[in-house]
Each structure stands twice: as structure tokens, then as C-alpha cells.
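Each chain is listed here by its residues.
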Amino acid sequence: LMHNYRFWLMVTYHFAVLATFAGLTTWLPKYLRDARGFDMGQMVLFTTLSYLGSFLSSLVFGFLSDRIGNRAALCTLSMAGAAVSIGLAALAPDPVLSALLMLLGMMMWGISPPIFYAIMQRIVPAPIMATGIGIDNGLANLGAAMAPAVIGFLIAATGSYLAGLLFLTVLGLI
């Protein structure tokens, strides 16, 4: 397992997936309120829709993945789509357009989690599945836990959410 490059590629991918989620869920409400001027109701609406959208896309694309296969392509679509959406949201001049693009980013992100685990079950040998998934989850979560702090540092250093959101865009393109 330790010499299997596909395993380490998936650990890296999982780190990007979890870091994107941690960054978005930590900073999205504050971004919508502070940078985009949303009131509490609008912020709650778009944040809630983002979670709902990612939930629905996980269900739909998990089902589709089982039917059509090509899971690696769906994972690529997921993170590339999330990255592009987040990047465009950061650059969008209109607050509502920005929020809608963030919603799309979360929906694109939601494609990945169920498909990722299906891929890992093909890479990690069955007798050491729990060990392999444990190594993956431990390392990916450890790295991802730093993402909100990195975003906060970038926001503080630049005085803008742009650098923090572009950091998430870069993560999604790894």
C-alpha cells in the first residue's frame, strides 16, 4: 500500500476535497455577509442551499457513478467544477451571482465524496481496507484542518476574500 502511487494520488485528492469543504463551510457565511453584504436571512438561505445542493449532487452522482462507471472522470469533473465555480464567484461583480456560483461550487464538490470511496475500494486491498482508509482519512483530515486557517491568514494579509477563495480554487485544480 505504501508503494502504491494510486493510493497516494487519492490521498492527495482527498486532502483537496476535504480542504475545499472545510474552507467553504467555515468561510462561506462570513464571506456572504461581510464581502457581499447579505443580510442574515440571505446568508442563511444561500448557505443552507449550498449544503442541500451538495447533498443532492452526492446522491445523484453516486447513483450515476454506479451505472456509468468512469469514476475518475467524475471526480475530476467534481473538483474542477468546484474550483472554477469558486474562482468565478470570487471575481463576480454581482453579489447574487457570486452566491449562486458558490452554490454551484458546493454542488460540484458534492459529486466527489461517494465516488472517492468507491475508487478507494478498488485501490486498497480488502484485507487492509480499514488500515488504508484510516491512513487516508487521517492524513487528508490533518491537512484539510489547516485550510480555514490558511484562508483566514490570506484574508487578513490582503484585506480581501479574493486570495482565500483563489486558494480554494488552486486546491480544486490539484
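That block above? That's the structure.
Given the structure is predicted, the values throughout are model-derived calculations rather than measurements.

Asker: Mind showing me how you'd approach the pattern of salt bridges here?
Answerer: Any two side chains of opposite charge can pair, on the condition that their charged atoms come close. Counted by the stated rule, this structure contains three salt bridges. Taking the shortest distance from any N to any O, the salt bridge between Asp34 and Arg33 comes out at 3.0 Å. For Asp34, a relative accessible area of 39% corresponds to the partly exposed category. Ionic contacts of the salt-bridge type, sharing partners, join the residues Lys30, Arg33 and Asp34 into one network.

Asker: Looking at this model, I keep getting lost on the environment of Arg71. Mind explaining?
Answerer: Turning to its location among the elements, Arg71 is positioned in helix H3 (residues 71-91). The sequence separation of Arg71 and Thr25 amounts to 46 residues, and the corresponding C-alpha distance is 25 Å. In this structure, Arg71 is in contact with Ser65, Asp66, Ile115, Ala118, Ile119 and Arg122, ignoring residues within four places of it in sequence.

Asker: Teacher, can you tell me more about unusual backbone geometry here?
Answerer: Most peptide bonds adopt trans geometry, and most residues besides glycine take a negative phi value. Despite not being glycine, Asn70 shows a phi value in the positive range, around 50 degrees. Inspection of the secondary structure assignment puts Asn70 in the loop between helix H2 (40-68) and H3.

Asker: Teacher, can you tell me more about the nonpolar core here?
Answerer: Nonpolar side chains tend to gather and get buried jointly when the protein is soluble and globular. Ranked by internal contacts, the top residues of the largest apolar core, which has 27 residues, are Tyr31, Leu32, Met102, Leu165 and Leu168. Every element with two or more residues in this core is listed here: helix H1 (5-35), H2, H3, helix H4 (95-110), helix H6 (129-144), helix H7 (147-158) and helix H8 (162-172). Counting residues per element, this core draws most heavily on H1, at seven residues. Apart from residues no more than four positions distant in its own chain, Leu165 is found in contact with Tyr31, Ile86, Ala90 and Met102. Counting 20 residues, the second largest nonpolar core, distinct from the first, contains Met10, Tyr13, Leu74 and Ile111.

Quick notes on the rules
- For every chain, the first residue of its written sequence is number 1, and the numbers climb from 1 along that sequence.
- The model is predicted, so local features are restricted to residues of pLDDT at least 70 and side-chain atom pairs to those at 80 or more, both for listing and for counting; the totals for chains, interfaces and linings are taken over all residues.
- Excluding hydrogens and water, the side-chain values take into account all heavy atoms of the structure.
- When a carboxyl oxygen of Asp or Glu lies within 4 Å of a side-chain nitrogen of Lys or Arg, that pair is called a salt bridge.
- Between buried and exposed lies partly exposed: a residue is buried under 20% and exposed over 50% of the maximum accessible area for its type, with that area taken using a 1.4 Å probe on protein chains only.
- Note on conventions: DSSP H or I runs of at least 4 residues are helices, E runs of at least 2 residues are strands, and numbering of each starts at the N terminus.
- Between two residues, a contact is recorded if the distance between any of their heavy atoms is within 4.5 Å.
- As used in this record, nonpolar core signifies buried Ala, Val, Leu, Ile, Met, Phe, Trp, Tyr and Cys residues forming a set joined through side-chain atoms within 4.5 Å.

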